[in-house]
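Structure assessment
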Amino acid sequence: YDIIGCEVYCNGLRFGTVRDILEAGAGEVLIIADDRGKTFMVPFVKDMVDTGEIRSGRLDIHPVEGLIDF
């Protein structure tokens with residue numbers, strides 16, 4: 001749960017903040033709120049979420065096309 005509160009970046013730009021983690025049958029799903037208050041659900045899988053900078057409070061996401069409407 002160190003992930004809750006992390007800043008989320010997509011394509012090098014700040015996207016939002018992790019607000020919660022849902023336990024789903026197939027795995028965990030990140031609930032991310034953008035700066036406008038809109039929420040997005042992103043599967044917490046290695047191909048979509050890079051946790052390399054988690055110690056500095058940063059996650060980088062790489063969602064598949066169509067998962068998030070920008």
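A brief structural summary. What you see is a predicted model, and the numbers here were worked out from it, not measured in a lab.

This brings us to the sheet that holds strand S6 (residues 58-61). Taken in spatial order, the 6 strands of this open sheet run S4-S3-S2-S1-S6-S5, and their pairing is mixed. The strands lining the two open edges of the sheet, one partner per strand, are strand S4 (39-43) and strand S5 (49-50). Direction of pairing for strand S1 (residues 7-10) relative to S6: parallel, over a ladder of 4 bridges. Looking across to S6, one finds that Cys10 is bridged to Ile61.

Moving on, we come to the pattern of salt bridges. Tallying each qualifying case throughout the model produces 4 salt bridges. Residue Arg36 is joined to Asp34 by a salt bridge in which the shortest nitrogen-to-oxygen separation is 2.9 Å. A relative accessible area of 69% means that Arg36 is categorised as exposed. Residue classification places Asp34 among the buried positions, given a relative accessible area of 8%. In this structure, Asp60 and Arg58 form a salt bridge, with 2.9 Å as the shortest nitrogen-oxygen distance. Looking at Asp60, the relative accessible area reads 15%, which means it is buried. Residues participating in the shared-partner salt-bridge network are Glu7, Arg14 and Asp35.

Parameters and conventions
- Residues numbered from 1 in each chain as written.
- Predicted model: local features only at pLDDT ≥ 70, side-chain atom pairs only at ≥ 80, totals over all residues.
- Heavy atoms only, no water.
- Pairing = 2+ DSSP bridges.
- Helix = DSSP H or I, 4+ residues; strand = E, 2+ residues; numbered from the N terminus.
- Salt bridge = Lys/Arg side-chain N within 4 Å of Asp/Glu carboxyl O.
- Buried < 20%, exposed > 50% of the residue type's maximum accessible area, 1.4 Å probe, protein only.

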